[in-house]
Structure formats: structure tokens, C-alpha cells
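# Residue-level structure breakdown
Residues per chain are reported as follows:
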Amino acid sequence: MFASKRLSKELTKLHDHLPPGVELVKADDFTEWLMDIRVIDTNPLYQGEVYRLKFSFSPSYPIEAPEVVFVKDTTHPIPWHPHIYSNGIICLDLLDTSGWSPVHNVESVCVSLQSMLTSNTKKERPPGDEDFVRYNTQRPRDINFVFHDNQV
């Protein structure tokens, strides 16, 4: 109940105004939304690319963070970044129970991810990407990442 009320307010706000480089693609219900983001500066790693994000909301949202992953399809690649696995899972403290706060919302997550991409200078995957993608069986919200790198 609380999640749908909060998401309804967020959806109304997103329809009225979106930050530059953020687009609402699909929000048919209050369980899953698709958003597109693009880096709006001149970072050559991401120039001209549009990335798709899938937000999955639990009934405990916004007390609990949404599950957010990059989605690959024919027109949306997974961005290269030291904190983004090739399967779209994002290692970001904001999306973890330790870094999430109910003051965050879909818009602030999109802007944070834009900022994370904007500041990146390395076209690389996280260490161990291949093994992580091959063997991980956990949902992104259940993974206990160790946050030790605030340089990217």
C-alpha cells in the first residue's frame, strides 16, 4: 500500500519533469519500471549511448531500496564501468541496505548512475566479472558487496 502511494507520487512527478538525459520508458504498474539514461557530458566512453535501467519494487519500497539493473537489448548495451557487471548488476552503495534511505527515489537513482558514469575514465568491468556472471545465483538486492572503492 505504502509503496504504491509513494510510486504514484513519483510517477506524477516524472511525468511533469525529468532531469536531462533521463527518460521514463515504461511504468505500467508499481512493481517494475523501465528508465533510459544517457550521459549528458562529453565523456567519450559513453558518447551517443543510451542505457536502459530496470527498477523492481518490493511492497516495502521506499523503506527498502528498489532492485536496479542495466538491461541489454538490441539498442541498449550494458555500460562499461568498474562497478557494473556484464550482466547489468550494479555495485553501488546507494542500492545497498547500508546506503539506501527513503529520501532517495527513482529520479535520484538515475541521476546518481549518470554521475557515476560521467566521472568514469576506465572502460573495464569489475575484477572477477566473468566468474561472477557465470556463477552468481543471487538477486542483486541479496548480494553483499564490499564497498571499498570510491574513486570511480
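Structure: see above.
Quick notes on the rules
Residues numbered from 1 in each chain as written. Predicted model: local features only at pLDDT ≥ 70, side-chain atom pairs only at ≥ 80, totals over all residues. Heavy atoms only, no water. Core = buried A, V, L, I, M, F, W, Y, C linked by side-chain atoms within 4.5 Å. Buried < 20%, exposed > 50% of the residue type's maximum accessible area, 1.4 Å probe, protein only. Helix = DSSP H or I, 4+ residues; strand = E, 2+ residues; numbered from the N terminus. Contact = heavy atoms within 4.5 Å. Expected span 1.5 Å × (residues − 1). Polar contact = N/O pair within 3.5 Å; in protein donor to acceptor, adjacent residues only side chain to side chain.

What follows concerns the nonpolar core. Nonpolar side chains tend toward joint burial in soluble globular proteins. One finds Leu 53 and Phe 55 to be the most contacted residues of the largest nonpolar core, which totals 33 residues. Within the residue set of this core, elements represented by two or more residues are helix H1 (2-16), strand S1 (22-26), strand S2 (32-37), strand S3 (51-56), strand S4 (67-71) and helix H2 (106-118). Of the residues forming this core, the biggest block, six residues, is contributed by H2. The residues touching Phe 55, leaving out its near neighbours within four places in the chain, are Thr 31, Glu 32, Trp 33, Met 35, Pro 66, Glu 67, Val 68, Val 106, Val 109 and Cys 110. Among the nonpolar cores identified, the runner-up in size contains five residues, and Val 69, Tyr 85, Ile 89 and Phe 132 belong to it.

In this fold, Asn 43 is placed in the loop between S2 and S3. For Asn 43, a relative accessible area of 8% gives the class buried. Residue contacts for Asn 43: discarding those within four places in its chain leaves Leu 117, Thr 118 and Asn 120.

Its 13 residues give H2 an end-to-end C-alpha distance of 18 Å, which sits within 8% of 18 Å, the value for a rise of 1.5 Å per residue. If you follow the buried residues of H2, they end up packed against H1, S1, S2, S3 and S4. Here H2 starts with a cap whose side-chain oxygen sits 3.1 Å from the backbone nitrogen of Glu 107, and that cap is Asn 105.

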